[in-house]
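# Structural features, examined
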Amino acid sequence: MMVNIKFNFLIILILSLFILPACKPEKLEIEVYTSDIQSVNEGEVLEVPLKVEFSMIGEDKNNELPKATDLAKKYLPEDSEFEITKGTFGKVMTIVTSIPMGTKKSLPNYIKENPRPLMLLVSDNKIILESTGSLKTLNSELKDINFMLSADLPAKSTIFRITSDSKKKVTVLATAVFSEKKAYLNFEKSIKRRKSVEVEFKGGDGSVYKEIPVQLELKF
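Residues numbered from 1 in each chain as written. Predicted model: local features only at pLDDT ≥ 70, side-chain atom pairs only at ≥ 80, totals over all residues. Heavy atoms only, no water.

What follows deals with the pattern of salt bridges. Throughout the structure, instances matching the rule amount to five salt bridges. Here R161 ties to E198 by a salt bridge, and the two come within 3.2 Å at their closest N and O atoms. Taken together, the residues span a long stretch of sequence, with R161 in strand β7 (residues 157-163) and E198 in strand β10 (residues 196-202) at a distance of 37 residues. One salt bridge in this structure joins E200 and K202, with 3.1 Å as the shortest N-O distance. (Salt bridge = Lys/Arg side-chain N within 4 Å of Asp/Glu carboxyl O. Helix = DSSP H or I, 4+ residues; strand = E, 2+ residues; numbered from the N terminus.)

Okay, here's the thing in structure tokens:
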């Protein structure tokens, strides 16, 4: 009898994962040029391209994704693009936008005037993906729509595309990442001008990036 109860509970739990709507960042794609780092180190704040994919399990009967889209627009540039499509187990929302990249000195004033949920902090040629106070506010507003809605980091997959437009070779370094479908504990690759490299950070269970921000380093 006890075995049947446990089995039924397990079935209900599994089914609930598909019935309850859940929206979280599945993938982040960020593109950075090497000259961007040099500009930032000189005091500029740059908006760099960002593509985000969210997945929602189950049917969106209450039109929660469009409501979430309206909320997100308050914290993103006006030219951001939003698209909602049908996925394997529900709906997929894709956002093509940008986030600011700057130093610890230049970012606070920019974020104050231009609220953004995410930012790229450059420190000693390290690029660190960090959340801002706006993300906390956005998540609070999303939970008013549905407690399962969230834009928390890390995403299941965060992909950095680093493109060199520097005359000299630039070396990209990262820890515990994937590149070209290969796993690396200590990743290091030099790229020439007009060449690029993609580095993927996994954010699943057991990932180190649940404890520390996604980050990589460039050596010029």
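That was the structure; now back to the text.
Turning our eyes to something else, we now look at helix α5 (residues 133-145). Taking 1.5 Å of rise per residue, the 13 residues of α5 would be expected to cover 18 Å, and the 19 Å separating its terminal C-alpha atoms lies within 8% of that figure. Within α5, the full set of buried residues consists of S134, L135, L138, N139 and L142. One side of α5 holds all its buried residues, which, seen down the axis, span an arc of 135 degrees. Of the residues in α5, the exposed ones pointing more than 90 degrees away from the buried face are G133, K136 and D144. For α5, the secondary structure elements touched by its buried residues are α3 (64-72), β5 (118-123) and β6 (126-131). A side-chain oxygen of the first residue of α5 lies 3.2 Å from the backbone nitrogen of S134; this N-cap is T132. (Expected span 1.5 Å × (residues − 1). Buried < 20%, exposed > 50% of the residue type's maximum accessible area, 1.4 Å probe, protein only. Arc of directions from axis to C-beta. Contact = heavy atoms within 4.5 Å. Polar contact = N/O pair within 3.5 Å; in protein donor to acceptor, adjacent residues only side chain to side chain.)

Taken together, the six bridges between strand β3 (residues 81-86) and strand β4 (residues 90-102) define a ladder with antiparallel strand orientation. Counted as the bridge partner of I84 is M93 from β4. Hairpin connection of β3 to β4: three residues between the antiparallel strands. (Pairing = 2+ DSSP bridges.)

Such coordinate-based values are descriptive only and should not be taken to indicate function.
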